[in-house]
Amino acid sequence: GENVEQHPSTLSVQEGDSAVIKCTYSDSASNYFPWYKQELGKRPQLIIDIRSNVGEKKDQRIAVTLNKTAKHFSLHITETQPEDSAVYFCAARSEWAGTALIFGKGTTLSVSS
Amino acid sequence: GAVVSQHPSRVICKSGTSVKIECRSLDFQATTMFWYRQFPKQSLMLMATSNEGSKATYEQGVEKDKFLINHASLTLSTLTVTSAHPEDSSFYICSASGTSSTGELFFGEGSRLTVL
């Protein structure tokens, strides 16, 4: 089955700096890669996703890149703000197989002002 | 996007009792729903895949006799934690794919179970 590794587990940056979180996956059949932001005690919130037919996707300060050959994908947050502080999870699934999302272990991002 | 509703949001029970958590897809039919468990400061771990009209598929290490899953209709899946113990205290969350082809899964609000 799918296995998703996520690094780093914690990340501290100064406000205005960029933050990068990296994930690798194992199952070449995976074709959907979302990133979630989760606040304590709440459901994960989708912040951006990418499918395997695309190499990069951007939404304002957030971007995701995907390297299918190397089986890794990354989240990039630019001009970080204190409200970006949260736990971020990457995940992967094969939508064709109707399989579940498999999550990375999460990254706690702290943005200090 | 599609809406998934989960109930109850919080439940406290005594050790040895059973607790049922409901997951409903409000505006779409969900042939498949997924149940996750999240312990404090950890990731979401897949427990089982719930298929309408058939038996659930459990992940390795998840006791199917303890975590009973019923998916009797296209809009409702239930998870029953039987004979709950303090170590079962966790955040349980369900998800389902909507009718779009994006691959996105939609999550319920989650249920915080505390077993005393």
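In this report, we go over the structure that sits alongside the text. The structure displayed is predicted, hence computed values, not measured ones.

### A word on the nonpolar core
Moving on, step 1. By size, the foremost hydrophobic cluster in this structure holds 27 residues, and its most contacted members are Phe67 and Leu113 of chain B.
Moving on, step 2. Listing elements by their share of this core, those giving two or more residues are strand S2 (10–13), strand S3 (19–25), strand S4 (32–38), strand S5 (45–51), strand S7 (67–73), strand S8 (76–81), strand S9 (90–97) and strand S11 (111–115) of chain B.
Moving on, step 3. Residues contacting leucine 113 of chain B, with those up to four places away along its chain left out, are Val11, Cys13, Val19, Val81, Asp88, Ser89, Ser90 and Tyr92 of chain B.
Moving on, step 4. Val13, Ile21, Tyr25 and Ile62 of chain A belong to the second-largest nonpolar core, a separate cluster that totals 24 residues.

### A word on the sheet that holds S7 of chain B
All names here are of chain B.
Moving on, step 1. Pairing within the open sheet is antiparallel, and its four strands lie in the order S1-S3-S8-S7. The outermost strands of the open sheet, each flanked by one partner alone, are strand S1 (4–7) and S7. Neighbour-to-neighbour, the strand axes of this sheet turn through a mean angle of 15 degrees, independent of strand direction.
Moving on, step 2. Two elements, S1 and S3, share four bridges in a ladder whose sense is antiparallel. Bridging across to S3, histidine 7 finds its partner in glutamate 22.

### With respect to unusual backbone geometry
Moving on, step 1. Look at the link from histidine 7 of chain A to proline 8 of chain A: it is a cis peptide, with omega at -5 degrees.
Moving on, step 2. Among the structural elements, proline 8 of chain A can be located in the loop between strand S1 (4–7) and strand S2 (10–14).
Moving on, step 3. Cis geometry marks the peptide bond from histidine 7 of chain B to proline 8 of chain B; its omega dihedral reads 0 degrees.
Moving on, step 4. Positioned with a positive phi, glutamine 60 of chain A is a non-glycine residue whose angle comes to about 55 degrees.
Moving on, step 5. For lysine 41 of chain B, which is not a glycine, the phi torsion comes out positive at approximately 60 degrees.
Moving on, step 6. Mapped onto the elements of the fold, lysine 41 of chain B is located in the loop between S4 and S5.
Moving on, step 7. Residue classification places lysine 41 of chain B among the exposed positions, given a relative accessible area of 89%.

Reading guide: rules and limits
Residues numbered from 1 in each chain as written. Chains lettered and ligands numbered in written order. Predicted model: local features only at pLDDT ≥ 70, side-chain atom pairs only at ≥ 80, totals over all residues. Heavy atoms only, no water. Core = buried A, V, L, I, M, F, W, Y, C linked by side-chain atoms within 4.5 Å. Buried < 20%, exposed > 50% of the residue type's maximum accessible area, 1.4 Å probe, protein only. Helix = DSSP H or I, 4+ residues; strand = E, 2+ residues; numbered from the N terminus. Contact = heavy atoms within 4.5 Å. Pairing = 2+ DSSP bridges. Axes fitted to C-alpha atoms, helices over the stretch in contact; angles between N-to-C directions.

Note that all results are geometric; they support no functional claim without further evidence.
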